[in-house]
Amino acid sequence: MMGPRSDLPLSDNPAVRILPWIVALMVYLATLTLAGGLLVGTMANQWSQGLSGTLTVQVAPLKNESLAELDARVIQATRAILKTPGVKSAAAIPLRDIAVMLEPWLGGEANVKGLPLPRLIDVALNPDIDLQALAERLRKATPGAEIDNHQYWRDHLITFLRSLEIVAAIMVLLIAITTATIVVFATRSGLAVHREVIEVLHLIGAPDAYIAGQFQRHAQRLGFIGGAAGGVLGLATLLGLSYLAGNLDGVTLPALHLWHWPILAALPIAAAYIAKWTARRIVLRALNRMA
Amino acid sequence: MALSILSARRKRGFHVATSDSNVVQFENVGIRYGAGPEVLRDVNFALPEASFNFLTGVSGAGKSSLLRIMYLANQPNRGLVTIFGKNVAMITRRERPEIRRNIGVVFQDFRLLEHLNVFDNVALPLRVSGAAKNVIEKHVTELLTWVGLADHMKALPPTLSGGQQQRVAIARAVIARPRLLLADEPTGNVDDAIAMRLLYLFEELNRMGTTVVIATHNESLVGRFQHPQLHLDNGTVEYRTTQVPSPTPVDA
């Protein structure tokens, strides 16, 4: 590989020649892992802000209430919900559908008739909804109506998503450490292979920083070449996956935000800097020990 | 032909407080390898600023060992050595590069960097000290022309003959106009005409203030110059300041 002029024939070293390939692999893995982490984080944020887009309002039957009275209260509640800003739609679920939902536990529709079943209203929301206001309005309009925003289930889901996010972060960190470790070995091997040239440079009066500069520039270049290749492949994979996800009608998968892409694209640059600073540290330390 | 490295002012910035004007001073120095006997003992001499000295003795007498101490590659086992007034035992790692940049060395085995072409090899000392690109270009081209290697600037050292490699090594040693020039058998691989030309280059540098030490076992060459000799014999150094009359016939 021809590069800028260097006093050391750093490319004549098998351990160094394999470096871009390994960095490419590492950056590819890091790109996918980080994208996964960002997606999961986005999902967790959406859920924790109640922006999942739907909630259910439950209208419980009051004591000795007739079916007609309950129906009236459900209609009242639905109207109140629809008047709240930020609500996209609200529809009471017909008793028949509720009966179907409960069939596995209670048996056929006939058995349900006489039971005091709560009624459900399915509500679709805009992201800017003020849930407090909705709850307030509902409580005033219809006694016994309650918002079920799936709190319990949601809390567990969010905890799980946050854990996934942390695991992704740890994996990216481990990948970075692995990359640095590979650079450590490549640099050490370079120091051993080019020992004589380094000695001549020292005798000519080159300070350690000058010699380290040669190694670090080379490592940075290889890190960037490998990183760019891995990053491009990683981003291509992500684009392919998001294209496939777009083909799934009706399923709303969380998507990467626009600002996530530059973060992912910065990974090759991060790899180049990891390579640079690792090489510099290793060379300076080794030269210092050479006495 | 005038070389601009000879006319250029010496770069400022290297000042060592010296109590005397000796560039190199050895006092009761002994050198041994491992646990063996001392190969050199009781070495005492001083090289004044801007002096021109030959270092003579049969091969194996310890000329290279003495030079290695002077270019800070080895430490004496015993005694005191000062270079530019600094005790070499006290020179720290941090100080070494700057001191070495003031010492030009022609190694006996040249030690050229084989993957760099002739131009880049000679430019190395200037690059290491951060010289400007155009200065490097000018001085290196001039010097290589002067030593007769203008047509080989892009050649890699392994493709050159021994004599050509030697001239590259010399050019690299003098390019930064060092205060102290150490040359180990610098005329060993060239014919007499080129040897004289190279020695003339060393004399020119010396006239500009560089202290020169040339190790050689070529006594006839030494005889043609009126310079003091450090003669290594029987494990110690004899400093011959007064020149014995040249044995060369007058009509030569």
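Everything here concerns the structure above.
The shown structure was predicted, so the numbers you read here are calculated from the model rather than taken from an experiment. Here the residue numbers are simple positions, counted from 1 along each chain's written sequence. Here every chain gets a letter starting at A, and every ligand a number starting at 1, in the order they are written. Where local features are concerned, this predicted model is filtered to residues with pLDDT of at least 70; where side-chain atom pairs are given and counted, the filter is 80 or more; whole-chain, interface and lining totals use all residues. Processing note: side-chain calculations cover all non-hydrogen atoms of the structure and skip hydrogens and water entirely.

Thoughts on the sheet that holds strand β1 (residues 54-59) of chain A
Strand pairing in a sheet relies on backbone hydrogen bonds, with the paired strands running either antiparallel or parallel.
All names here are of chain A.
Then, in step 1: Any two strands with at least two DSSP-identified bridges between them are counted as paired. Numbering of helices and strands runs from the N terminus, with a helix taken as a DSSP run of H or I at least four residues long and a strand as a DSSP run of E at least two residues long. Strand order in this open sheet of 4 strands is β2-β3-β1-β4, and the pairing throughout is antiparallel. If you trace the sheet from one side to the other, it starts and ends with β2 (87-92) and β4 (145-148), each paired once. Geometrically, the sheet is characterised by an average inter-axis angle of 25 degrees between neighbouring strands, direction not taken into account.
Then, in step 2: Here, two residues are considered to be in contact whenever any of their heavy atoms come within 4.5 Å of each other. Only the contacting stretch of a helix is used when fitting its axis, a line to C-alpha atoms as for every element, and angles between N-to-C directions run 0 to 180 degrees. The sheet contacts of helix α6 (residues 131-141) involve β1, β2, β3 (119-125) and β4, and relative to β4 the element is tilted by about 160 degrees.

Focus: the packing of helix α6 (residues 162-174) of chain B against helix α7 (residues 192-207) of chain B
All names here are of chain B.
Then, in step 1: At a minimum axis distance of 12 Å, the contact between α6 and α7 shows a crossing angle of 5 degrees. Judged by the angle between their axes, α6 and α7 are roughly parallel. Contacts between α6 and α7 involve Arg167, Ile170 and Val174 from the former and Ile194, Leu198, Leu201, Phe202 and Leu205 from the latter.
Then, in step 2: Among the residues forming the contact of α6 with α7, the class breakdown is 7 nonpolar, no polar and 1 charged. An angle counts as roughly parallel when it lies under 35 degrees, as roughly antiparallel when it exceeds 145, as roughly perpendicular when it falls between 65 and 115, and as oblique in every other case. Classes in brief: Ala, Val, Leu, Ile, Met, Phe, Trp, Tyr, Cys and Pro nonpolar; Asp, Glu, Lys and Arg charged; the others, Gly included, polar.

A word on a positive patch on the surface
Residue and element names in this part refer to chain A.
Then, in step 1: Side chains of Arg79, Lys83, Arg137 and Lys140 sit close together on the surface and give a patch of like positive charge.
Then, in step 2: The set of elements that each furnish at least two residues to the positive patch consists of α3 (67-83) and α6.
Then, in step 3: Assessed through its relative accessible area of 62%, Lys83 is described here as exposed. Note that patches include only residues with greater than 30% relative accessible area and no salt bridge, and the join distances are 9 Å for like charges and 5 Å for nonpolar side chains (Val, Leu, Ile, Met, Phe, Trp, Tyr). All accessible areas in this document rest on Shrake-Rupley with a 1.4 Å probe, and a residue is counted as covered only by the protein chains that are shown. Note on definitions: salt bridges are taken to be side-chain nitrogens of Lys or Arg within 4 Å of carboxyl oxygens of Asp or Glu. When charges are tallied, Lys and Arg are placed among the positive residues and Asp and Glu among the negative ones, while His and the ends of the chain are skipped. Note that the charge is assigned to NZ on lysines, CZ on arginines, CG on aspartates and CD on glutamates. Exposure classes here rest on a 1.4 Å probe applied to the protein chains alone. A residue is buried below 20% of its type maximum, exposed above 50%, and partly exposed in between.

Description of a nonpolar patch on the surface
Then, in step 1: Taken together, the side chains of Ile166, Ile170, Leu173, Leu174 and Ile177 of chain A present a nonpolar region at the surface, about 490 Å² in accessible area.
Then, in step 2: Within the secondary structure layout, Leu174 of chain A lies in helix α7 (residues 151-193).

Here we look at the side chain of Ser51 of chain B
Residue and element names in this part refer to chain B.
Then, in step 1: Mapped onto the elements of the fold, Ser51 is located in the loop between β2 (38-48) and β3 (52-56).
Then, in step 2: A relative accessible area of 10% places Ser51 in the buried class.
Then, in step 3: Not counting residues up to four positions away in its chain, the partners in contact with Ser51 are Asn206, Thr210, Thr211 and Val212.

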